[in-house]
Structure formats: structure tokens, C-alpha cells
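Here are the chains, one letter per residue:
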Amino acid sequence: MIQNTILNIYEPHKFKHQLEFYGIRQYDIARSIGVSQTTISRQLNGIEPMKEIVEDEIQIILNQLKRKRKHQPIPKIRA
């Protein structure tokens with residue numbers, strides 16, 4: 001009989017949901033920062049701690065997207 005085991009529960013990084021919201025793939029972030037997609041995946045999923053330099057690079061990318069998004073006009077919906 002299999003004993004009850006506690007699975008490792010990881011807390012996703014705060015950037016994971018933001019990147020998903022903007023539709024940015026982990027592969028694209030990894031290439032632009034210069035690390036492997038596996039590393040980014042493990043860091044965003046909370047399996048490994050994210051290095052400060054990687055965090056800073058992702059924050060810069062997100063800030064640029066937020067600024068760009070603010071300046072885009074919202075299209076009017078015609079009935």
C-alpha cells in the first residue's frame with residue numbers, strides 16, 4: 001500500500017501571471033535574457049529561486065509593455 005506523501009508545493013514567482021497576461025512565452029523571455037527556457041520555467045514556477053539579474057531583466061520588459069499598452073487607444077465598439 002502506498003503511504004500518504006506530501007508533494008512539494010511551490011509558490012509561482014510574481015512575474016509568472018504577468019507574463020501570461022501579456023501573452024509572453026517563456027521561450028521568448030529566456031532568449032531575450034540569455035538563459036535556457038528550462039531555467040526560466042523552473043524559476044517562474046518557484047522550483048528554483050530567481051536570480052536578481054534575471055528578475056531585473058524581466059521587470060524591465062514588463063515595464064516597457066505596461067508603458068506601451070497605456071498609450072494604445074482603446075477601439076470603440078460599434079453596435
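What you see is a predicted model; the values in this text were computed from it and never measured.

**With respect to the overall build of the chain**
Each helix and strand counted, the chain has four helices and zero strands in total. Counting from the amino terminus, the chain carries its helices and strands in the arrangement α-α-α-α. The buried share among the 79 residues of the chain stands at 19%. Here the analysis covers contacts within the chain between residues at least 6 apart in sequence; of these, 64% occur between residues at least 24 apart. Here the chain has roughly 6900 Å² of accessible surface; of this, 53% comes from carbon and sulfur atoms.

**So, helix 3 (residues 37–44)**
Burial in helix 3 covers these residues: I40, S41, Q43 and L44. Along helix 3, the residues classed as buried sweep out an arc of 165° about the axis, all on the same side. Where helix 3 ends, the next residue or the one after it, G46, has phi of about 80°, a positive value.

**Considerations on the nonpolar core**
Side chains of a nonpolar character, in soluble globular proteins, are inclined to be buried together. F15, L19, I29, A30, I33, I40, L44, M50, V54, I58 and L62 together form the largest nonpolar core, which totals 11 residues. The contacts of L62, once residues within four sequence positions are left out, are F15, Q18, L19 and Y22.

**Quick look at the packing of aromatic side chains**
This model, assessed by the stated rule, comprises one aromatic pair. Taking the centre distance of 5.1 Å and the plane angle of 80° together, the rings of F21 and Y22 count as edge-to-face. Residue F21 is classed as exposed on the basis of its relative accessible area of 56%. The partly exposed category is assigned to Y22, whose relative accessible area is 22%.

**Some words on the confidence of the model for the chain**
Across the chain, the average pLDDT comes to 85, with 78% of residues at 70 or higher. Mean pLDDT across the elements of the chain bottoms out in helix 4 (residues 52–70) (89) and peaks in helix 3 (95).

**Details of the environment of K16**
Note that K16 resides in helix 1 (residues 14–22). In this structure, the C-alpha to C-alpha distance between K16 and N45, residues 29 residues apart in sequence, is 7.4 Å. Not counting residues up to four positions away in its chain, the partners in contact with K16 are L44 and N45.

**What to know about helix 2 (residues 26–33)**
Considered for burial, the residues of helix 2 that qualify are I29, A30 and I33. Looking down the long axis of helix 2, one finds its buried residues gathered within 100° of arc, a one-sided arrangement.

About the criteria used
Residues numbered from 1 in each chain as written. Predicted model: local features only at pLDDT ≥ 70, side-chain atom pairs only at ≥ 80, totals over all residues. Heavy atoms only, no water. Helix = DSSP H or I, 4+ residues; strand = E, 2+ residues; numbered from the N terminus. Buried < 20%, exposed > 50% of the residue type's maximum accessible area, 1.4 Å probe, protein only. Contact = heavy atoms within 4.5 Å. Areas by Shrake-Rupley, 256 points an atom, 1.4 Å probe, with all protein chains shown as cover. Arc of directions from axis to C-beta. Core = buried A, V, L, I, M, F, W, Y, C linked by side-chain atoms within 4.5 Å. Phe/Tyr/Trp six-rings, centres within 6.5 Å; stacked < 30°, edge-to-face > 60°. pLDDT = per-residue confidence, 0-100.

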